[in-house]
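# Descriptive analysis of the structure
Okay, here's what each chain looks like letter by letter:
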Amino acid sequence: MEDYILNEHNKEEFPPAHTAEHLLNQTMQRLFGCDRSHNAHVERKKSKMSFIIDHKPSRQEEREIERRMNELIDEDLPVSFEFVTRDELPEGIDPTRLPDDASDTIRLVRIGDYDVCPCIGRHVRSTRQIGRFEMLGTNWDEMEHSFRVRFKVIA
């Protein structure tokens, strides 16, 4: 196996919540056609992520987010990694979201065929290890069109 030089990582993630962050990003993209979260704070006890979307989600849409997340977790999707150069980034990955000092070698995290994203953090081996996704609440900022999801994962 080759040794890759990656950026320093100054954070120790809780792998189940961090992997759920990836799933939630992709779920929001698919349900609302938005970009990945513009503000995320993911922790062991409680996490929050904010998305810019075109409307305030209904209660039914909120329940669908939670239902879809738990469905993905139950599918026990494998989590895998691959290394690519900046020039080899797959379609759909926005290189402008990489840090300015990102190394030339990028680690991609794949969750089954559902999501792929550059990331150097820690993850579970498969989605079932996340446990259960529980939405704790949401907030809507009408001026910014920002939808914040508060959640926790329960092993």
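Residues numbered from 1 in each chain as written. Predicted model: local features only at pLDDT ≥ 70, side-chain atom pairs only at ≥ 80, totals over all residues. Heavy atoms only, no water.

Okay, the environment of Ile-130 next. Along the chain, Ile-130 falls in the loop between strand 5 (115–118) and strand 6 (132–141). Look past the residues within four positions of Ile-130 in its chain and what remains in contact with it is Pro-16, Thr-19, Ala-20, Leu-23, Ile-73, Val-124, Val-153, Ile-154 and Ala-155. (Helix = DSSP H or I, 4+ residues; strand = E, 2+ residues; numbered from the N terminus. Contact = heavy atoms within 4.5 Å.)

Across residues other than glycine, the phi torsion is negative in most instances, and most of the peptide bonds are trans. We note that Asp-76 has phi near 55°; this positive angle belongs to a residue other than glycine. Positionally, Asp-76 belongs in the loop between helix 2 (59–74) and strand 3 (79–85). Relative accessible area serves as the criterion here: at 30%, Asp-76 is assigned to the partly exposed category. A positive phi angle, near 55°, is found at His-145, a position not held by glycine. Taking relative accessible area as the criterion, His-145 reaches 25% and is therefore assigned partly exposed. (Buried < 20%, exposed > 50% of the residue type's maximum accessible area, 1.4 Å probe, protein only.)

This part takes up helix 2. One full turn of an α-helix is made of 3.6 residues, so residues set three or four places apart face in the same direction. For helix 2, built from 16 residues, the straight-helix expectation of 22 Å at 1.5 Å per residue is met to within 8% by its first-to-last C-alpha distance of 23 Å. What helix 2 keeps buried is the set Glu-62, Ile-65, Arg-68, Met-69, Asn-70, Leu-72 and Ile-73. Considering only its buried residues, helix 2 is in contact with helix 1 (15–32), strand 6 and strand 7 (146–154). Asp-76, located one to two residues past helix 2, shows a positive phi value of around 55°. (Expected span 1.5 Å × (residues − 1).)

All right, on to the sheet that holds strand 1 (residues 39–41) then. One open sheet holds the four strands; their spatial order is 1-2-7-6, and the pairing between them is antiparallel. The outermost strands of the open sheet, each flanked by one partner alone, are strand 1 and strand 6. Each strand of the sheet is rotated relative to its neighbour by a mean of 20°, with strand direction disregarded. In terms of strand pairing, strand 6 meets strand 7 through nine bridges, oriented antiparallel. Residue Gly-137 lies in a different strand from strand 7, and its bridge partner there is Arg-150. On the sheet, helix 2 packs against strand 6 and strand 7 and is oriented at approximately 150° with respect to strand 6. (Pairing = 2+ DSSP bridges. Axes fitted to C-alpha atoms, helices over the stretch in contact; angles between N-to-C directions.)

None of the figures reported here should be taken as evidence of function without further support.
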